[in-house]
Amino acid sequence: MTELDIDVSSLLENICEQLQSRAIFSQSPKMIGIRTGGEWVAQKLHEKLALADSLGVIDISFYRDDFSKIGLNPTTQASDIPWEIDNQHIILVDDVLYTGRTTRAALNEIFDYGRPASVTLVALLDRKGCRELPFQADVIGMSLECSQTIKVTGPEPLVVTILDKQEEIA
Amino acid sequence: MSNLTGPNIQLNELGQLHHFLTIEGLKQHHLVEILDTAESFINPKTREIKQVPILRGKTIMNLFFEPSTRTRTTFEIAEKRLSAQVESLDIQTSAAKKGESLLDTLWNLQAMQTDMFVIRHAQSGAAQFFSQHVAPHVHVLNAGDGQHAHPTQAMLDMFTIRKHKGSIYDLKVAIVGDVLHSRVVRSQIQALSILEAREIRVVGPKTLMPESPDAMGIHIYHDMEEGIKDVDVIIMVRLQNERMTSALIPSEKEFFKLYGLTKERLALAKPDAIVMHPGPINRGVEISSAVADGPQSVILEQVTYGIAVRMAVMSIIMSNAAQLKQHHAEQEAAQASLNLDDPLTLDAIVEANS
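Per chain, residues are indexed from 1 in the order of the written sequence. Written order determines the labels here, with chains lettered from A and ligands numbered from 1. Local features in this predicted model are restricted to residues whose pLDDT is 70 or higher, and side-chain atom pairs enter the listing and the counts only when it is 80 or higher, whereas totals over whole chains, interfaces and linings include all residues.

Let's talk about the overall build of chain B
Tallying secondary structure elements over chain B gives 13 helices and nine strands in all. Taken over 354 residues, chain B has a buried fraction of 44%. Taking as baseline every contact in chain B between residues at least 6 positions apart, the subset at least 24 positions apart corresponds to 74%. A helix here means a DSSP run of H or I that spans at least four residues, while a strand means a run of E at least two residues long, and both kinds are numbered starting from the N terminus. Whether a residue is buried, exposed or partly exposed is read from the other C-beta atoms within 10 Å of its own C-beta, which are placed from the backbone; 20 or more gives buried, 12 or fewer gives exposed, and intermediate counts give partly exposed. Here contacts are defined at the residue level, using C-beta atoms placed from the backbone and a cut-off of 7 Å between them.

The structure is reproduced here in structure tokens:
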């Protein structure tokens, strides 16, 4: 099995540049991180972009579609969105975009708070080819193959390690 | 009442809550799980309790054989905030009047696709009785049975204490008033001792005190001043006139003189002591308005936290049911894999992993 540490700060730089070039960036966007990994990534981005409004955090545990199968996540904490969602441009941040189910849950929760003007989806890493729902990120730090498993630890330091699954099996 | 004890009446084979009938027999981790889960429903900054979709498609039926305002309403709000379908039945005005037996009523309501019953009844042991007669997938929550137990009230009290004091551990708590008739106090004492409060005092006249304080791990005080001296928490309890069959106190006025919580008396407790009351409060009987509405009173917070705590209990029970089902599927898969020729093996494994 090979383990590869990713240069997170260059990925974050890359994401910031892409975000700054988007039209919503001049319309005081508000950022939400998805607990836990997405929150860590969002904290970094929020700081680098020096956004005016404080960072929102959502915990999607209560919105998962597998509650009736696996039950509650014992580490669930309340979501905290400290401003109105209505008519705001939202930057939604996750660490890894994989099946799309987390994104679905996050969007449902956001819409329980209100109707945003837009949602821009940011993923530090995109595991392509394993999507189970029709979601694509607007801004991606880096694309990976579906077979590559990822371990994210944080918040300080934020470390992303890629574990090559195929080699692991071999 | 002793036949209501024992851990098995409300736990599933994994040792998790299946019903919630009493605090008695539960372990510290059960109570802490309820408190932690309740916390997750409350926004830490705004204290707002948001609606979440986890019990969508589940039906919860509230059966109140005894009147209630707070408990019934907070249960209904909690159920709705979990997105469950909610039906509330006022039994006094229903089939019971027409002579239908309790069990027939229960089985009919169960046949209406009910997943959970919330039951209040004047008879001690009523919730347990129901729990023994429902189908295996149906859950029963005790919302107060006679003088026996009121476990969700006790848990919301523990939650309120923990919010203010950080933990129950090592606290001195005084419970003042009609301890004898109170199912709330019975459950509170059990919860306080499981969560390792340092000292549990009960304060009141002899006629309203329990018979075996040592077995309950409590200290009895007949003198109010002595009883609340240096405590961290004062819990005032209502005089349960409806459960008193004989004259146990001379008069309400006399009771207030001896045991009413006034500003002067409150000063004897620790300066940061909190004052609690499960409601409904009788102003001027057990508590003065100055204290009930004063800065140390957390009485209305208790009501709000009651929503989060009841949401926690209901979601934990449904979560446990999901985990038990998963556990059974895995067991079946494991058993099937012992015989790989069995054509059901693959299906069972797929089921367990899906």
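Having seen the structure, we can now continue with the description.
Structural notes on the sheet that holds strand β8 (residues 159–164) of chain A
All names here are of chain A. Any two strands are treated as partners once DSSP identifies two or more bridges connecting them. If you trace the three strands from one edge of the open sheet to the other, you get β1-β8-β7, paired in antiparallel fashion. Each edge of the open sheet carries a strand with a single partner, namely β1 (3–5) and β7 (148–153). Pairs of neighbouring strands in the sheet enclose a mean axial angle of 25 degrees, with direction left out of account. Here β1 pairs with β8 via three bridges, running antiparallel. For Glu3, the partnering residue across the bridge sits in β8 and is Leu163. The convention used is that axes are lines fitted to C-alpha atoms, helices contributing only their stretch in contact, and that angles between N-to-C directions extend from 0 to 180 degrees.

Remarks on the domain arrangement of chain B
Residue and element names in this part refer to chain B. The start and end points of each domain follow an automatic or database-based domain assignment. Under the domain assignment, chain B is made up of domain 1 (2–148 + 304–328) and domain 2 (151–297). For domain 1 versus domain 2, the separation of C-alpha centres amounts to 26 Å. The partner domain 2 presents 19 residues to the 24 residues of domain 1 that form the contact. Of all the elements in the fold, those that place two or more residues in the side of domain 1 that touches domain 2 are α1 (28–40), β4 (139–145) and α12 (299–337). Here the nonpolar group is Ala, Val, Leu, Ile, Met, Phe, Trp, Tyr, Cys and Pro; Asp, Glu, Lys and Arg are the charged ones; every other residue, Gly included, is treated as polar. Across the side of domain 1 that touches domain 2, the residue classes break down as twelve nonpolar, eight polar and four charged.

Quick notes on the pairing of strand β4 (residues 89–97) of chain A
Residues and elements named next belong to chain A. For β4, the tally of buried residues reaches seven of nine residues, placing the bulk of the element in the interior. Bridge count between strand β2 (residues 30–34) and β4: four bridges; the pairing is parallel. Bridge pairing in β4 links Ile32 to Leu92. You can see the chain leave β4, run along helix α4 (residues 101–113) and come back into strand β5 (residues 118–128), and the turn it takes is right-handed. A crossover gets the label right-handed when its path from the first strand over the helix to the second runs clockwise, viewed with the strands pointing away from the viewer.

Regarding the sheet that holds strand β7 (residues 219–221) of chain B
Strand-to-strand pairing in sheets goes through backbone hydrogen bonds, with the strands running parallel or antiparallel. Residues and elements named next belong to chain B. Reading across the sheet, the five strands line up as β7-β6-β5-β8-β9 and stay open at both edges, with parallel pairing between neighbours. Pairing within the sheet leaves two strands with one partner each, and these edge strands are β7 and β9 (274–276). On average, each strand axis in the sheet is tilted by 20 degrees relative to the strand beside it, whichever way the strands run. Sheet analysis places strand β5 (residues 172–177) next to strand β6 (residues 199–203), joined by five bridges and oriented parallel. Paired with Val173 across the strands is Ile200, a residue of β6.

Section: the nonpolar core
All names here are of chain B. Core analysis: the biggest nonpolar cluster contains 138 residues, and Val176 and Ile234 have the highest contact counts within it. Looking at this core element by element, the count peaks at 13 residues for α12. A domain-level breakdown of this core finds at least three residues from each of domain 1 (2–148 + 304–328) and domain 2 (151–297). Once you skip the residues sitting within four places of it in the chain, Ile234 turns out to touch Ala174, Val176, Ile228, Leu261, Ala269, Ala273, Val275 and Met276. For our purposes the nonpolar core covers buried Ala, Val, Leu, Ile, Met, Phe, Trp, Tyr and Cys residues that link as a set through C-beta atoms within 7 Å.

As for the interface of chain A and chain B
Each side of the interface is counted separately: chain A has 14 residues, and chain B has 18 residues. The class makeup of the residues in the side of chain A that touches chain B is seven nonpolar, four polar and three charged.

What about the environment of Lys229(B)?
Looking at the secondary structure, you find Lys229(B) in the loop between α8 (224–227) and β8 (233–237). Taking C-alpha positions, Lys229(B) is 34 Å from Val313(B), a pair spaced 84 residues apart along the chain.

Focus on the packing of helix α5 (residues 151–165) of chain B against α12(B)
Residues and elements named next belong to chain B. The N-to-C vectors of α5 and α12 enclose an angle of 115 degrees; their axes lie 8 Å apart at closest approach. Between α5 and α12 lies a crossing whose hand is right-handed. Along its contact with α5, which presents Thr152, Met155, Leu156, Asp157, Phe159 and Thr160, the element α12 presents Glu301, Gln302, Tyr305, Gly306, Val309, Arg310 and Val313. When the residues that make up the contact of α5 with α12 are grouped by side-chain class, the tally is six nonpolar, four polar and three charged. Take the far helix as your reference; a near helix turned counterclockwise from it by less than a right angle gives a left-handed crossing, and one turned clockwise gives a right-handed crossing.

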